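An overview of the molecular structure
Here is what each chain is made of, one letter per residue.
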4 protein chains.
Amino acid sequence: MAEALQPLAGEPAARVVVAGASGFAGALAAELVWRHPRLELVHATSRSDAGRRLDELYPRYRAGIELTELDVDEAEDCDAAIVGYPHGAAAPVVAGLRELGLQVVDLSADFRLRDPNVYADWYGELAAPEVLGDAVYGLTELHRDRIRETDLVANPGCYPTATLLALAPLAAAGLIEDVVVDAKSGVSGAGRGGGDRLHFVAVDENAAPYGTDGHRHEPEIRQELAALAGGRGPRLTFVPHLLPIDQGELVSCYVTPRRDLDRAELDSLYAESYADERFVEVLDRPPGMREVRDSNLCRVHATTDRGGRVMVFAAIDNLWKGAAGQAVQNLNLMLGLDEGEGLG
Amino acid sequence: MAEALQPLAGEPAARVVVAGASGFAGALAAELVWRHPRLELVHATSRSDAGRRLDELYPRYRAGIELTELDVDEAEDCDAAIVGYPHGAAAPVVAGLRELGLQVVDLSADFRLRDPNVYADWYGELAAPEVLGDAVYGLTELHRDRIRETDLVANPGCYPTATLLALAPLAAAGLIEDVVVDAKSGVSGAGRGGGDRLHFVAVDENAAPYGTDGHRHEPEIRQELAALAGGRGPRLTFVPHLLPIDQGELVSCYVTPRRDLDRAELDSLYAESYADERFVEVLDRPPGMREVRDSNLCRVHATTDRGGRVMVFAAIDNLWKGAAGQAVQNLNLMLGLDEGEGLG
Amino acid sequence: MAEALQPLAGEPAARVVVAGASGFAGALAAELVWRHPRLELVHATSRSDAGRRLDELYPRYRAGIELTELDVDEAEDCDAAIVGYPHGAAAPVVAGLRELGLQVVDLSADFRLRDPNVYADWYGELAAPEVLGDAVYGLTELHRDRIRETDLVANPGCYPTATLLALAPLAAAGLIEDVVVDAKSGVSGAGRGGGDRLHFVAVDENAAPYGTDGHRHEPEIRQELAALAGGRGPRLTFVPHLLPIDQGELVSCYVTPRRDLDRAELDSLYAESYADERFVEVLDRPPGMREVRDSNLCRVHATTDRGGRVMVFAAIDNLWKGAAGQAVQNLNLMLGLDEGEGLG
Amino acid sequence: MAEALQPLAGEPAARVVVAGASGFAGALAAELVWRHPRLELVHATSRSDAGRRLDELYPRYRAGIELTELDVDEAEDCDAAIVGYPHGAAAPVVAGLRELGLQVVDLSADFRLRDPNVYADWYGELAAPEVLGDAVYGLTELHRDRIRETDLVANPGCYPTATLLALAPLAAAGLIEDVVVDAKSGVSGAGRGGGDRLHFVAVDENAAPYGTDGHRHEPEIRQELAALAGGRGPRLTFVPHLLPIDQGELVSCYVTPRRDLDRAELDSLYAESYADERFVEVLDRPPGMREVRDSNLCRVHATTDRGGRVMVFAAIDNLWKGAAGQAVQNLNLMLGLDEGEGLG
């Protein structure tokens, strides 16, 4: 097999390190940077798999780069970083990389929650609180202008990405009184670890809710819905379910609106909200997970039932728009590149 | 291969015809009757597959009976029937079999809705309205005494079965103000036809809502919730989703209660409601589809979220408790047999 | 949930311990003993999961027995044991249980290979070589009479079970010159451990050969084919493949026969060989994995291609006939019970 | 959703019609032409789905082109065609398009077999025998130079593609005495029709051989192996199996070599044979289906077992390298473009 050459077109716009490239999201981030025509993948690091090549660890990927141990100082030769560390472990790495002057997209939850007390409730003490104020929540479609200006993006969780894209038009119009989010995810969303619970035999032909005592993505959704509504957010119930699928995510959102809404008004609201978005597509039918797989798309459908409930369905690929794809989308903006570059 | 002998123990309690035994539910009904120690499977009929053996058509089954064309008059030698015809086509067959004096469990929707106008709204004109008044809605746990006395059971749909078992304790206590039911089903629930939509390639690695403009199981759920509440039922939204699974069904019910309910009260309510039910198991964790597969069990878990919403999850096998298993459970009652006989 | 009562009918024929009941095969063995009308499941042990109930660890099972640490001396109150320990670890446990006078079926490979040198080549030094001479290779259909007489059965591997049932008629007639066995297995055959390799994401939508440098089931197949042929066995190539399926196994055997064989002769040979076997069914079409799932059946089809190659296909459930089902079948024989008891 | 614009860069190298774009292979061919930077997708036709958009019929695709009825004369405005018609129906369409002067890649079997009698044995009378002599068998790696010169390519079947790439180095060296090909395919290889047999419920958790009385891809394999060997080909047994996977194909080839071959010699043979091929990758481990999905790659691994049998495993995506991907690869060559253009 010939050495895998990166498809760079001329001088790169940025030299990039992906720190923590052996997990599902980090590995795809490395692959996407490697495929990117304007970015150069300089380092891909892993604590557990240093010495192996990324395309050996994930034979479906093509990036023939050897995984190395992270040495933050060595990242000096880079302009930007995507960090794929676990929650808690990410914060000090992010802080270190920023001290070297790198622009950073962090895939972890460490800088997503603006209130450190809320973070502490769900994850424990934040390791680098001094960085928190600089972070922009990286749901591109909601915070594009601030992402362009920042050098630290806290990339959203997969469930918040789909849920917020489903609900943003209603939330921004102050129309949500109460919302139930029944979310369904493929297994890659649960990560590479997981033991017995993610063994093929446990997942195959099965489907079950989990996290019914509270899921860590809930405060993220709550924070952004409140911000959109310009104050207190709606009453929210959020329950994720695990499905026997590799990549893919579907959220079914059941909204009790503050006032009656008919389908025509909903159609206009969604069409206008996303008219200029290339990665959000408004459909006239419910989306399926499969149709957005391996893409950075979010497909959304809003409708009502006979009793006046508003129902919004959104599908994404949890590893793309829900993690690594959105990270590259954000990095493109931070670097002044076209937002969709490398995500074609 | 030796001729498949039916495992009858002595004289049968009843001789049974399964009319329409080539669809998924009808075929399992025939198989269950065949396996039943007290029932004799005398005829299994099929319009489309007459001449084939049931265990050829479904190699996973063991009933070595040849499928024949239905001739209602020939059913005279039987005591009871399970009818697996499509909606609309079932009613005249049911009427004919009853004229011969057979006890009938009908798997179709034809006699489930007590109000013929509601039936007409969803299915069209009912073919044998004169029979409607005799039918008992066959959700065993709700109507056991009446099922024992009737000779016509309208076996419930799969979604209503899971949903009503999830909600009955709350509904009967008048505690449901509003409920969203997000239902997930394996593909066998959609039946043997279905064309492109149920092709392996369309379903595999996919998950999507369907019937968002109104699903035929909704009036059934509405009717029974109202009956349980002793008047008008709660506000209801019901949305089914198709999953890449063969058999299995999970309903996630999000209830806005009429008054605050804590987990202890919920636990008691559910434990008491189902204390004497052998096919309904109350769990202290959410059930998965896989754990009730190929069984007549319904596993239920009720809990609350931090905002006071009551969440109830129920899992069944859509072909067993959701169709053929419950049919046999009902037939057992109608015949004075032990309710669980042949469902072990 | 009511306490799960074991469906015993009167006095048990034997009191049974399942040692090592937390792995896939051991757990099913415990479940089958628990369901068995003539056996009493007295202990189910586990090193890793002691203190948990079997039906919690495997919610699809119904045996409400608490897993305990194995204390060989405590097994004194039992008459028989099924041992589900890993290769190497099983031998001393088996030896200890036999010293107490128990009849033992061992699911491991420790006593399958009659030549301790061959064992050593593939597994390492055998821990209890003094026991080896007493063991009978537990492929029921080949060694039924000796199994009836022994008190130690070495239960075959899943691949050897399917392969030998596919090939025994030809092998016993001395008709195999050369055979290629292309085997396909569901994931449960690879066991509960396995790490990343058995993660849902690694297996889903994938299929690949493994063990191409030699699989441990090969010497077992070789030993029995040679014994059937009464001397040196045929030239054998054996390659297993992992499929995205839970339970199930299919072997495709491509035989170069020692002389020309037509289909009629093959049909007779197989029909006669298995005429009296209730768990081996000879078909006139190739079997699929799904049709023997959750059963102790092996379905076999033998045919020829246009060039005179003999092709034999056999399907089993790797956890049933390939492990725990056959263990119970053997235990029934050892205890003088009907061979199929509890396997209905 | 914005109108889907085709990502053309400047003037197209050719204007292309895809005739028969509603089947699985034809639809992907249309999608690949649509994505191609140098080709313009002018028409995509369908008898069954005219009037629908391709991206509605296959929501996973992005080509927003409306399917039309084929009118051969209207194809005059095109330079090239890919024909996705069923066997038998393709020949007259191919003939008609060539009369208009189009370069044609035909996905059907109609012009694959050089001997019309062999064709007739497997498919029936050939409709346009006068065209047969012009066709080049489109396994790119074997016939690249002739493909560059022809204006009619008979694109190979999926099984022959994988099998021939697995065996070509050995066949060309005259080293194959006898070969068994055990092939495994995802369901998309069986096409969009198929009825009950391809219903999700029939395929899920199942695996079975089919076509054991002779599969139509066998004569194709036989023809090319003989041509490679420069005379009579080896003894061949070919058996396909259907797996519960969407896209993907794996062939396991068991070769009895004409003389002893060790692994080092095999390694050299394969490394040299495919040194300059960008779509064939020689691995030092067996490939899995998943790793070539949605790519035009064929990954090959050759090794030996302890008894001297040579084993070669090859994996492709049946819709890409096995159909539409190779069609575009061939069209690129016919048009003088870079072979890999649009297949990145």
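Preceding block: the structure.
Residues numbered from 1 in each chain as written. Chains lettered and ligands numbered in written order. Predicted model: local features only at pLDDT ≥ 70, side-chain atom pairs only at ≥ 80, totals over all residues. Heavy atoms only, no water.

So, the pattern of salt bridges
Test applied: Within this document, salt bridges are pairs made up of a side-chain nitrogen of Lys or Arg and a carboxyl oxygen of Asp or Glu, the two lying within 4 Å of each other. Secondary structure counts use DSSP, requiring at least four H or I residues in a row for a helix and at least two E residues in a row for a strand, with both numbered from the N terminus. Classification of residues uses two cut-offs on accessible area relative to the type maximum, computed with a 1.4 Å probe and protein chains only: under 20% is buried, over 50% is exposed, and between them is partly exposed.
Considering all chains together, one arrives at 124 salt bridges over all chains under this definition. Close ionic contact of Arg235(A) with Asp178(A) constitutes a salt bridge, the shortest N to O distance being 3.6 Å. Separated by 57 residues along the polypeptide, Arg235(A) in strand β9 (residues 235-242) and Asp178(A) in strand β7 (residues 176-185) bring together distant segments of the chain. In this structure, Arg15(D) engages Glu40(D) in a salt bridge whose closest nitrogen and oxygen atoms are separated by 3.5 Å. Of this pair, Arg15(D) sits in strand β1 (residues 14-19) while Glu40(D) sits in strand β2 (residues 39-45); the two residues are 25 residues apart in sequence, bridging distant segments of the chain. Look at Glu40(D) and you get partly exposed, because its relative accessible area is 23%. One connected set of salt bridges, linked through shared partners, spans Arg60(A), Asp246(A), Arg293(A), Glu205(B) and Arg290(D).

Quick notes on the packing of helix α1 (residues 24-35) of chain C against helix α11 (residues 320-334) of chain C
All names here are of chain C. The line we're drawing: Angles shown run from 0 to 180 degrees and are taken between the N-to-C directions of axes, each axis being a line fitted to C-alpha atoms and, for helices, limited to the stretch in contact. Rotating anticlockwise by less than a right angle from the far helix to the near helix defines a left-handed crossing, while the corresponding clockwise rotation defines a right-handed one. Contact definition: two residues touch when any of their heavy atoms are within 4.5 Å. Following the grouping adopted for this structure description, the nonpolar residues are Ala, Val, Leu, Ile, Met, Phe, Trp, Tyr, Cys and Pro, the charged ones are Asp, Glu, Lys and Arg, and the polar ones are all others, Gly among them.
At a minimum axis distance of 9 Å, the contact between α1 and α11 shows a crossing angle of 40 degrees. Here α1 and α11 pass one another in a crossing that is right-handed. In this structure, α1 uses Ala25, Leu28, Ala29, Leu32 and Arg35 to contact α11, whose residues at the interface are Trp320, Ala323, Ala324, Gly325 and Val328. Of the residues belonging to the contact of α1 with α11, the class tally is eight nonpolar, one polar and one charged.

A few points about the interface of chain C and chain A
Note the following rule: By buried area we mean the combined loss of accessible area, with a 1.4 Å probe, across both parts when two parts are placed together.
With 17 residues of chain C in contact, the opposing surface of chain A contributes 17 residues. Counting each side, the surface lost to burial between chain C and chain A is near 1,500 Å², with a carbon and sulfur contribution of 59%. For the chain C face of the interface with chain A, the top three residues by lost area are His199(C), Phe200(C) and Val201(C), together amounting to 45%. A salt bridge links Arg192(A) to Asp196(C), with the shortest nitrogen-to-oxygen separation between them at 2.7 Å.

Quick word on helix α4 (residues 116-123) of chain D
Residue and element names in this part refer to chain D. Here is the rule we go by: Directions pointing from the helix axis toward each C-beta atom define the arc.
Among the residues of α4, those classed as buried are Tyr119, Trp122 and Tyr123. For α4, the arc enclosing every buried residue in end-on projection is 75 degrees, short of the 170-degree limit, so these residues lie on one face. Turned more than 90 degrees away from the buried face of α4 sit Asn117 and Asp121, all of them exposed. If you follow the buried residues of α4, they end up packed against α9 (217-229).

Side note on the sheet that holds strand β4 (residues 103-106) of chain B
Residue and element names in this part refer to chain B. The test is simple: When DSSP finds two or more bridges between a pair of strands, those strands are recorded as paired.
Pairing is parallel across the open sheet formed by six strands, whose spatial order is β2-β1-β3-β4-β6-β5. Looking at the sheet topology across the chains shown, the edges are occupied by β2 (39-45) and β5 (136-137). With six bridges connecting them, strand β1 (residues 14-19) and β2 associate as parallel partners. When the bridges of β2 are listed, Arg15 appears paired with Glu40.

Description of the relation of the copies chain B and chain A
To be explicit about the condition: A least-squares superposition brings the copies together, and it is based on the C-alpha atoms of residues with pLDDT no lower than 70 in both.
Structural alignment of chain B on chain A gives an RMSD of 0.0 Å, achieved by rotating through 180 degrees and translating 0.0 Å along the axis. Between the two chains, the operation in question is that of a two-fold axis. Of the interface residues in chain B, 100% have counterparts in chain A that sit at the interface too, so the contact is made through matching surfaces.

A word on the sheet that holds strand β5 (residues 136-137) of chain C
Residue and element names in this part refer to chain C. Strand order in the open sheet formed by six strands is β2-β1-β3-β4-β6-β5, and the pairing between neighbours is parallel. One side of each edge strand has no neighbouring strand; the edge strands of this open sheet are β2 (39-45) and β5. Inspection of the sheet shows β5 paired to strand β6 (residues 152-154) by two bridges, in the parallel sense. From the neighbouring strand, Tyr137 faces β6, where its bridge partner is Ala154. Its contacts with the sheet put α11 on β1 (14-19), β2, β3 (80-83), β4 (103-106) and β6, and the angle it makes with β4 is roughly 160 degrees.

Comments concerning the interface of chain B and chain A
Inclusion rule: Polar contact is the term for a pair of N or O atoms within 3.5 Å; when the atoms are in protein, one must be able to donate a hydrogen and the other to accept it, and sequence-neighboring residues count only if both atoms are side-chain atoms.
On the side of chain A, 43 residues touch chain B, which itself brings 43 residues to the contact. Both faces combined, the contact of chain B with chain A buries some 3,500 Å², and carbon together with sulfur accounts for 51% of it. Between chain B and chain A we count eight salt bridges in total. Our count for the chain B to chain A interface comes out at 26 residue pairs in polar contact (both at pLDDT 80 or more). Secondary-structure elements contributing two or more residues to the side of chain B that touches chain A are β7 (176-185), β8 (208-209), β9 (235-242), β10 (249-257) and β13 (310-316) of chain B. Grouping the amino acids of the side of chain B that touches chain A by side-chain chemistry returns 18 nonpolar, 11 polar and 14 charged.

Considering the relation of the copies chain C and chain A
When chain C is fitted to chain A, the residual RMSD is 0.0 Å, and the transformation amounts to a turn of 180 degrees plus an axial shift of 0.0 Å. A high fraction, 100%, of the interface residues of chain C reappear at the interface in chain A, so the copies pair face to face through one surface.

Quick look at empty space enclosed by the protein
Counted only if it meets this: For each structure, a 1 Å grid was placed over the protein atoms alone; sets of points admitting a 1.4 Å probe that cannot get out are labelled cavities, open sets with protein on both sides within 12 Å along at least five of seven lines are labelled pockets, and lining residues have an atom within 4 Å of a point. Grid points are joined across faces, edges and corners, and a volume is the space filled by probe spheres set on the points.
Summed over the entire model, instances satisfying the criterion amount to nine cavities of 30 Å³ or more. Of the pockets and cavities examined, the largest cavity occupies roughly 150 Å³. Forming the walls of the largest cavity are 16 residues, and the residues nearest its centre are Asp204(A), Asp204(B), Asp204(C), Asp204(D) and Pro244(D). Residues of the lining of the largest cavity, tallied by class, amount to eight nonpolar, no polar and eight charged. In this structure, the second largest cavity encloses a volume near 70 Å³. If you trace the second largest cavity, you find it lined by Gly23(A), Phe24(A), Ala27(A), Tyr58(A), Arg60(A), Tyr61(A), Ser188(A), Asp246(A), Gln247(A), Leu319(A) and Val201(C). Grouping the amino acids of the lining of the second largest cavity by side-chain chemistry returns six nonpolar, three polar and two charged.

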